[in-house]
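If you want the building blocks of each chain, they are given just below.
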Amino acid sequence: PGPAELGVSPERLVVEAGGASSLLLVGSVLLTLSQRDESWLLTVHQTQTPTVLICLHCGDASPPSSSSDSSLPGGHFRLEPLMFRLLFGVEAALAGSPVVLCGLPDGRLAFAPLRLPGSRLRVLHSLEQPVAVVAAPGPGLARCLVALGERGGLVLIGADRGGGLGFTEARVAAPAPVACGCVDERRLYYSTGSDLLALDLPEGSSGGDGGEEAAALPSPTSLNVCRVAALSEPARHTAGGVELLALSERGRLLRIRLPERRAESGVATPPSSQAGRRLRDLLSAIGDVCERWSQQTNAVLRRLNQVISVSLLLAAEPPAPRQRPVRCVGGASWSSLLQRRVLTLRCVLHNASPYVLEAGWTLSLAVLPLCAPAPAGGGSPSRSFSFPLRRLSSGDKLEVSVPLAEDGDACFPLSVSCSLVFSLSGLLGGEEAGRPAGCVSLPLDTLTVDWLHGLRVGGPRAGAVGGDLSGFLRSHGGRRNESGSTQTYCACVRVSAALLSHGRSSDVFLRLTAWYLSRPVLQVAAGEESPAAVRVQAESPSVAAVCGLHHALLSRIQVGAEEPAGLHVVTPPSL
Amino acid sequence: MLCGEVWDDRGITTKGKLSSIPMLIMDPRRLFELLQICTSIVQGAERLSDGQSSEALSSLQTASTMPAPRALVALTHLLSGFCLVHMSRPQMALQCYRKALETDSRCVCALYQSMLIYRQQGNTQAEIQALRLLHKTLTVAGATQPALADINPLSSSLFLSSQSLTTLLSVPSALSVLHSMALKCVLHGRVSEGVEHYLDLLAAFHSDDHNRMLAEAHTLPKLPDLYLEAGAALLIDQRPADCMALCNEVISMTMELLPENVVLEEPEEKNEPETGALSDDKVATLLWTAAAYFLQGHCHTHLKDWKQAVTHYTRCINLLVKVCVKQKGSQPQIPTADITGNFGTNLYTLQRLKGLSLAGRGVSFTQMDKLKEALRDLQLSLHTFPDCVGSGLWCGEVLWRLSRRQEAAACWKKTWSIRPQSLDDRVPVYLHELQIGASLDSSELRHRIQELGLA
């Protein structure tokens, strides 16, 4: 699912650049490139340095917009009436006017009552560094204002003992510029990008006794959350404790729940050792999560690495079939399954690579008739079989069997494409299962099962299964012989002795021809031409059978010139 | 060229189909006329500010007969009026302002200038009438926009951008006008009407009118002053209970902010410190509170509750004595009547308030037959504020009752010789000598002197 769409109202637009085709931020300058008519326009927008703007209300006076609702929107705070009058004067209080307070990049805190005619911004204080946060401890009536500068300059503005305004200045830790912050009843939370920090405000800044001047500020506590770019007003969590909503620099919304720090003020604080233990527990819990996560990540990376290695190995320029690091060999045979005769392909996956093929890999076999009529249903005539691997170490073999054709239902030749498949979803563990994920498919060998394989009835008991053969031939030849004609067709192949004696495969080839000679349908006249050539002749009343056999013989002799025409014909994957 | 590209309100040229067809924005003859009258107006304004009133007048009078939009013709009449005021012919100026209004009823500046002439002439009823019209016109929706703006892209305001003209045409805000009207009514016998205007003014401060922040405010007193003025108006209108409520409001706001001691310093130079509502407002806060107690004391005299009156006057006096005055190069001291220096209105207010509240307490003591205390207060009052008529008369009364009749007669005679100062509008109405709950009949006092002479 794509990211949720965010609506931005026009009044929130900072820079309007219609038709901008690209943009770039250089320091505080935003560059946009746009085309107008024929010319290209590079526009320089000076982006504003961030400022802070809040609204303060006197006592329980309701803000202008919300009539009945007592809760205030973000950026609005209620001040205790006396504090309000001290800060902003009698006039603003008499008019019941909300006062806007802004923190400027030059460090000034300035205010203006909204309801007084001609009221101008007046300076309350200067932080002498860009103002990052201005807030009042809430949610009740605040007795002070808190302002925090970008470089950690903090000022608490409250009533002093003499009844005037007191400015308590301090410096707090800010290893990086303060990006944002917020205040709850007792704490100031601020983010420096590298960490989120919490600072205890002096007692009395909200409710309770009068504000203390020059109260010593404790050092801030790290909350171990980095990259926080914006913070919402803290809310009391129902289960106790404080909940902050934060927006990370990468646009992720974080909900940060802070446990109840301690009981109401006045109750003894937990001993430091206990606090230390709690912190240690927390840290170790974080450590556990971290370690688990890194282990998991490592395992995934290791497996991914292996997948990539195997892929590279198999995708490389294919060497000679026998040297291929992972290869498939197979043989077809007739067997009896549930009282039915079935031609079965026995396929052996041989892992000669230096890698272990682990769980996640699948051997996939796709069986496709090469010259079959399209099936009546309109679907694909091919069938596929998958065999997930458990673990196949280097040098190990895996043997699988698939049914190719039933008696009387085969259509030769058949092509069997073997491939190794790795599903990436398996990498990510169970929770990701069911989702569509990418997979890696590596083609291995392609086997061809032809008429001669179909004829093969097993070496020693060749004669005993003659019935099978005649049935097979009948089924395949019958279609062409319905007229009852007794005419037989004949195909003849002559193989020269030079070819027969060629290479190391010659004796295998001879054994093959010898086997052929024993077949009743094949009449091989070898005698008189023995020294010079061998003639292989196929005869059958079925023209299809003769053609198929002839094709099978030819292809075997062609390949057999270089390769032992064993039980398989190898086609390199790239062909 | 007035044709070619047409700009939409976002400033983006909409080319294409339109670019080939020239669009006529304005008839060239109309444009010529517009330019001519606008030039006359701007020239007139410049000459006027250079003091060349008669030259300006003749060219403006010529311009007033030119064919032009009504608003511009009204402007020529208005500026002619300005010239006549400069030439000390106010009646003729009024005629011009009337013509301007007849030509364009939205010409608020003509109303304002008429009002100023009536004020100068002391024609209070006409001034109040003009203020009322002005306030009405200013508060009618749409009047805030300049009357000359129109939808034509070649608006006449384009050609009227002159600083002199802008200065001449400036008009105070509706709230300032309302305040002037309220004050005039109260000071000139239309008290109930004035009270209504004051209450409208206070209500306006509590409404959410977003244009208000933009309005200029230097002509308007601070809000606590307005509360106190409204309180005084209510008191004059014989509504002491309402006055007390308003004063209570002010006191509740300022009470906790009152300083222990305040030094009123002569300002070094005329540099307005921009630092908040802090030091400068301490004196103001104290004076507001004191004035509120003073008015409450008055309210109690109206209710014949002399004891409460004494209490409130005392509170006022106790606050006022906290203020010391520090002149340049000397130590802070208790201010006296003969102190001089550039202290602004604060010192004047302080002394006047002190004199009036001592007088009020003296009268209250007189009513309670505490003649010794009464005499002390009344004499102190005269010391601080020698021109206080009430103090003089009541001082004589107390002396009379103490059987110091010759002194009493001298005191009365001296008081009658005081020429009552004409208080201008700048003295807040609550610092005027308001009628309190006991009065002396001057004719009866003269009769006593006559009897004394016979004796």
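Preceding this paragraph is the structure being described.
So, here's what we can say about the structure. Since the model is a prediction, treat every value here as computed from it, not as a measurement.

1. Topic: unusual backbone geometry
Moving on, step 1. Of note, A:Arg227 is a non-glycine position whose phi angle comes to about 60°, a positive value.
Moving on, step 2. Residue placement: A:Arg227 occurs in the loop between strand E16 (221–222) and strand E17 (228–231).
Moving on, step 3. Non-glycine residue B:Lys304 carries a positive phi angle of around 60°.
Moving on, step 4. Here B:Lys304 is to be found in the loop between helix H12 (279–302) and helix H13 (306–320).

2. Some details on the interface of chain B and chain A
Moving on, step 1. Counting from both sides, the interface comprises 29 residues of chain B and, opposite them, 26 residues of chain A.
Moving on, step 2. Both sides of the chain B and chain A interface together cover about 2,400 Å² of buried area, and 62% of this is carbon and sulfur.
Moving on, step 3. For the interface between chain B and chain A, the tally reads 2 salt bridges.
Moving on, step 4. A salt bridge links A:Arg85 to B:Glu256; the shortest N-O distance between them is 2.6 Å.
Moving on, step 5. The interface formed by chain B and chain A holds 6 residue pairs in polar contact (both at pLDDT 80 or more) in total.
Moving on, step 6. Of all elements in the fold, only helix H10 (223–236), helix H11 (240–254) and H12 of chain B reach the threshold of two or more residues within the side of chain B that touches chain A.
Moving on, step 7. Take the side of chain B that touches chain A: its biggest share by element is 5 residues, from H11(B).
Moving on, step 8. When the residues that make up the side of chain B that touches chain A are grouped by side-chain class, the tally is 15 nonpolar, 7 polar and 7 charged.

3. Quick word on the environment of B:Ser40
Residues and elements named next belong to chain B.
Moving on, step 1. Locating Ser 40 in the fold gives a position in helix H1 (residues 28–49).
Moving on, step 2. Ser 40 gets classed as buried once you look at its relative accessible area, which sits at 12%.
Moving on, step 3. When the C-alpha positions of Ser 40 and Thr 76 are compared, they lie 8.4 Å apart, and in sequence the two are 36 residues distant.
Moving on, step 4. For Ser 40, the contacting residues outside a window of four places in its chain are Leu 60, Ala 63 and Met 66.

4. Focus: the packing of helix H5 (residues 108–121) of chain B against helix H6 (residues 124–139) of chain B
All names here are of chain B.
Moving on, step 1. At a minimum axis distance of 8 Å, the contact between H5 and H6 shows a crossing angle of 160°. Compared by their axis directions, H5 and H6 come out roughly antiparallel. Crossing geometry of H5 relative to H6 is assigned as left-handed. For the pair H5 and H6, contact is made by Val 108, Leu 111, Tyr 112, Met 115, Tyr 118 and Arg 119 and by Ala 126, Glu 127, Ala 130, Leu 131, Leu 133, Leu 134, Thr 137 and Leu 138, respectively.
Moving on, step 2. Of the residues belonging to the contact of H5 with H6, the class tally is 11 nonpolar, 1 polar and 2 charged.

5. Some points on the side chain of A:Asn351
All names here are of chain A.
Moving on, step 1. Relative to the helices and strands, Asn 351 resides in strand E22 (residues 340–351).
Moving on, step 2. Only 2.9 Å separates the side chain of Asn 351 from the backbone oxygen of Tyr 355, close enough to count as a polar contact.
Moving on, step 3. Apart from residues lying up to four places away in sequence, Asn 351 is in contact with Pro 325, Val 326, Val 356, Leu 357, Leu 392, Ser 393, Ser 394, Gly 395 and Asp 396.

Cut-off values and rules
- Residues numbered from 1 in each chain as written.
- Chains lettered and ligands numbered in written order.
- Predicted model: local features only at pLDDT ≥ 70, side-chain atom pairs only at ≥ 80, totals over all residues.
- Heavy atoms only, no water.
- Helix = DSSP H or I, 4+ residues; strand = E, 2+ residues; numbered from the N terminus.
- Contact = heavy atoms within 4.5 Å.
- Buried area = accessible area lost by both parts, 1.4 Å probe.
- Salt bridge = Lys/Arg side-chain N within 4 Å of Asp/Glu carboxyl O.
- Polar contact = N/O pair within 3.5 Å; in protein donor to acceptor, adjacent residues only side chain to side chain.
- Nonpolar A, V, L, I, M, F, W, Y, C, P; charged D, E, K, R; others polar.
- Buried < 20%, exposed > 50% of the residue type's maximum accessible area, 1.4 Å probe, protein only.
- Axes fitted to C-alpha atoms, helices over the stretch in contact; angles between N-to-C directions.
- Parallel < 35°, antiparallel > 145°, perpendicular 65-115°, else oblique.
- Left-handed = near helix turned anticlockwise from the far one by under 90°.

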